[in-house]
Amino acid sequence: AWNANSPVEILTSLAKSENEEIRYEVARHKNTTSPLIEELLQDEECMEALAENHNLPFHIFQLLSVDDSRAVRNNVACNTRAPPEILERMIEVDGEAKYILDNIYIDNSQRISFAVLEAVLQRDIASEEGASEPLVEAVLNHDDMRNLSAEILAALANNSDTTIRCQMLQHPCLPLGDIIRL
């Protein structure tokens with residue numbers, strides 16, 4: 001299971017192993033087929049590993065993204081092959097763990113629509129907790145960041161977090177008056 005070139009026949013045999021570590025590695029393996037993935041879904045010990053697998057069908061990503069386990073959802077968030085629409089749905093779910101959202105922003109921000117990131121940023125800026133640094137970085141480093149609204153630019157430029165204000169100095173659309181105040 002640890003061999004990157006393990007054939008499907010070997011993985012199928014190893015998936016039946018009593019050893020949890022072996023089944024875990026089969027679940028993560030790039031050559032694990034859809035029928036075998038479906039079989040491994042029945043094994044609670046393999047859920048986290050399945051969420052790390054880059055070759056999951058859409059519906060499996062969908063199932064794992066709403067799993068009761070935060071560890072499973074976090075692995076989906078970190079999976080650079082998770083479909084953007086699944087990640088966007090995870091972002092929009094009220095009450096999702098902050099570290100899971102931050103991992104989406106860190107690992108997958110360019111794959112998330114700018115409109116979703118901007119809406120979440122606007123919501124988070126208005127909240128008591130404020131916007132997380134990974135979310136702000138995701139927005140400011142996004143290919144479409146020049147489209148950031150003036151309202152959000154001003155809010156970030158006046159943020160109490162020094163790191164966020166320093167990041168704003170790099171934004172090409174920040175008005176000169178806001179730069180002087182920074």
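Residues numbered from 1 in each chain as written. Predicted model: local features only at pLDDT ≥ 70, side-chain atom pairs only at ≥ 80, totals over all residues. Heavy atoms only, no water.

Novice: Any chance you could explain the pattern of salt bridges here in plain terms?
Specialist: Close approach of charged atoms lets side chains of opposite charge pair. This model, assessed by the stated rule, comprises seven salt bridges. Its salt-bridge partner being Glu25, residue Arg28 comes within 3.1 Å of it at the nearest N-O pair. A residue pair is termed a helical-turn pair when its members lie 3 or 4 positions apart in one helix, as Arg28 and Glu25 do in helix 2 (residues 20-28) at three residues. Ionic pairing is found between Arg28 and Glu52, a salt bridge with its closest N-O pair at 2.6 Å. Placement of Arg28 in helix 2 and of Glu52 in helix 4 (residues 47-52) is noted, with a sequence separation of 24 residues between them. (Salt bridge = Lys/Arg side-chain N within 4 Å of Asp/Glu carboxyl O. Helix = DSSP H or I, 4+ residues; strand = E, 2+ residues; numbered from the N terminus.)

Novice: Honestly, the nonpolar core in this entry has me stumped. Any pointers?
Specialist: Considering soluble globular proteins, one finds that nonpolar side chains tend to be buried as a cluster. Counting residues in each nonpolar core, the largest one holds 49 residues, and the members touching the most others are Leu50, Leu64, Leu121 and Leu148. When neighbours within four sequence positions are excluded, Leu64 is seen to be in contact with Leu41, Met47, Leu50, Ala51, Leu56, Val72, Arg73 and Val76. (Core = buried A, V, L, I, M, F, W, Y, C linked by side-chain atoms within 4.5 Å. Buried < 20%, exposed > 50% of the residue type's maximum accessible area, 1.4 Å probe, protein only. Contact = heavy atoms within 4.5 Å.)

Novice: Can you walk me through helix 6 (residues 70-78) in this structure?
Specialist: Side chains that are three or four residues apart share a direction in an α-helix, a result of its 3.6 residues per turn. Taken together, the buried positions of helix 6 are occupied by Val72, Arg73, Asn74, Asn75, Val76 and Ala77. Looking at the packing, one finds that the buried side of helix 6 touches helix 4, helix 5 (58-64), helix 7 (84-92) and helix 8 (98-108). You can read the cap of helix 6 off the contacts: a side-chain oxygen lies 3.2 Å from the backbone nitrogen of Ala71, and it is on Ser69. (Polar contact = N/O pair within 3.5 Å; in protein donor to acceptor, adjacent residues only side chain to side chain.)

Novice: Can you walk me through the environment of Ser127 in this structure?
Specialist: Looking at the secondary structure, you find Ser127 in the loop between helix 9 (114-126) and helix 10 (133-140). With 64 residues separating them in the primary sequence, Ser127 and Leu63 have C-alpha atoms 29 Å apart. Polar side-chain contacts of Ser127 include one of 3.1 Å to the backbone nitrogen of Gly130.

Novice: When you look at the side chain of Asn159 in this model, what are you seeing that I'm missing?
Specialist: Take Asn159: it is sitting in the loop between helix 11 (150-157) and helix 12 (162-168). Since its relative accessible area comes to 18%, Asn159 is described here as buried. Within the structure, Asn159 has its side chain in polar contact with the backbone nitrogen of Asp161 (distance 2.7 Å). Sequence-distant contacts of Asn159, defined by excluding residues within four places in its chain, comprise Ile164 and Arg165.

Novice: Got a minute to help me understand the environment of Thr32 in this structure?
Specialist: Structurally, the position occupied by Thr32 is in the loop between helix 2 and helix 3 (34-40). Among residues more than four places away in sequence, those in contact with Thr32 are Leu11, Val26, Ile37, Leu40 and Asn53. A distance of 2.5 Å separates the side chain of Thr32 from the backbone oxygen of Val26, its partner in a polar contact.

Novice: Which parts of the structure should I look at to understand the side chain of Arg23?
Specialist: Structurally, Arg23 is set in helix 2. A distance of 3.1 Å separates the side chain of Arg23 from the backbone oxygen of Glu18, its partner in a polar contact. Setting aside its immediate chain neighbours within four residues, Arg23 contacts Leu14, Ala15, Ser17, Glu18, Asp43, Glu45 and Cys46.

Novice: Can you walk me through the layout of surface pockets in this structure?
Specialist: To find leftover empty space, one rolls a probe the size of a water molecule over the atoms. Of the volumes computed, that of the largest pocket is approximately 260 Å³. Looking at the largest pocket, it is lined by 14 residues, and the ones nearest its centre are Lys98, Leu101, Arg123, Asp124 and Glu129. Those elements giving two or more residues to the lining of the largest pocket turn out to be helix 8 and helix 9. Looking at the lining of the largest pocket element by element, the count peaks at four residues for helix 8. For the lining of the largest pocket, the class distribution of residues is three nonpolar, four polar and seven charged. (1 Å grid on protein atoms, 1.4 Å probe; cavity = no way out; pocket = protein on both sides within 12 Å on 5 of 7 lines; lining within 4 Å. Points joined across faces, edges and corners; volume = space filled by probe spheres on them. Nonpolar A, V, L, I, M, F, W, Y, C, P; charged D, E, K, R; others polar.)

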